[in-house]
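Summary of the model geometry
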Amino acid sequence: MINIAEIKNGLVIDHIQAGLGWKVFKWLGLDKASFTVALIVNASSQKSGTKDMIKIDNIINIDYSVLGFIDPSITVNVIQDGQIARKIKMELPEKVENVIRCKNPRCITITEHYVSQEFRLVDKEKKQYRCIYCDSLRTAGHIGDE
């Protein structure tokens, strides 16, 4: 087992679907962080077999709706004084704004760059979101897969 130093005050993003850790890491801008960050991939998990996780030795602001869109099974543990102070469970957000881009070339968001990219959850089971302007569908978890 690999030993990653204990976090005194920070965040642990846990239960990331194996293979999505780097996507979350990049989305949060952690590849440019000036503080200690650990990305752990393919860690063993009793729940899912394998998982990715990110340990951040700092408290940073996170858009939880984006994490829920990437992977609703993610849990964020807030660490204070070396202890878990709070556990935040993600879920699919009702809407996502400027997280994914519409793929419809006729959508107003493609031709008019000032219009925000906004999608609403339409099917929780299939994790599908619909563009509010053109009704184009996108599936959760496919961030950055333009």
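Residues numbered from 1 in each chain as written. Predicted model: local features only at pLDDT ≥ 70, side-chain atom pairs only at ≥ 80, totals over all residues. Heavy atoms only, no water.

This brings us to the nonpolar core. Among the nonpolar cores identified, the biggest contains 32 residues, and I13, V24, I54, I74, V76 and Y129 are the most heavily contacted of them. Of all the secondary-structure elements, those providing two or more residues to this core are β1 (10-17), α1 (21-27), β3 (49-56), α2 (64-70), β4 (75-80), β7 (118-123) and β8 (128-131). If one sorts the elements of this core by residue count, α2 sits on top with four residues. With sequence-adjacent residues up to four places away left out, I54 is seen in contact with L11, V12, I13, I16, G21, V24, F25, L30, V37, A38 and L39. Within the second largest apolar cluster, six residues are counted, among which are I7, V12, A43 and I79. (Core = buried A, V, L, I, M, F, W, Y, C linked by side-chain atoms within 4.5 Å. Buried < 20%, exposed > 50% of the residue type's maximum accessible area, 1.4 Å probe, protein only. Helix = DSSP H or I, 4+ residues; strand = E, 2+ residues; numbered from the N terminus. Contact = heavy atoms within 4.5 Å.)

Turning next to the pairing of β3. The pairing of β1 with β3 spans five bridges and is classified as antiparallel. The residue of β3 that forms the bridge with Q17 is K51. Connecting strand β2 (residues 37-45) to the antiparallel partner β3 that follows it, the hairpin turn spans three residues. (Pairing = 2+ DSSP bridges.)

This part is about the environment of H113. As for its position among the elements, H113 is in the loop between α3 (108-111) and β7. Taking the relative accessible area as the measure of exposure, H113 reaches 66% and is therefore exposed. For H113 and I16, which are 97 residues apart along the polypeptide, the C-alpha to C-alpha distance reads 32 Å.

Together, I108, I132 and Y133 line one region of the surface with nonpolar side chains, adding up to about 250 Å² of accessible area. Mapped onto the fold, I132 is located in the loop between β8 and β9 (137-139). Taking relative accessible area as the criterion, I132 reaches 37% and is therefore assigned partly exposed. (Patch = residues over 30% accessible without salt bridge, like charges linked within 9 Å, V, L, I, M, F, W, Y side chains within 5 Å. Areas by Shrake-Rupley, 256 points an atom, 1.4 Å probe, with all protein chains shown as cover. Salt bridge = Lys/Arg side-chain N within 4 Å of Asp/Glu carboxyl O.)

Every regular strand shows the same layout, with side chains that alternate between the two sheet faces. Where β4 and strand β5 (residues 83-89) come together, six bridges link them in antiparallel fashion. Residue pairing across strands places V78 opposite R86, the latter belonging to β5. Hairpin connection of β4 to β5: two residues between the antiparallel strands, including D81 at a positive phi of 55°.

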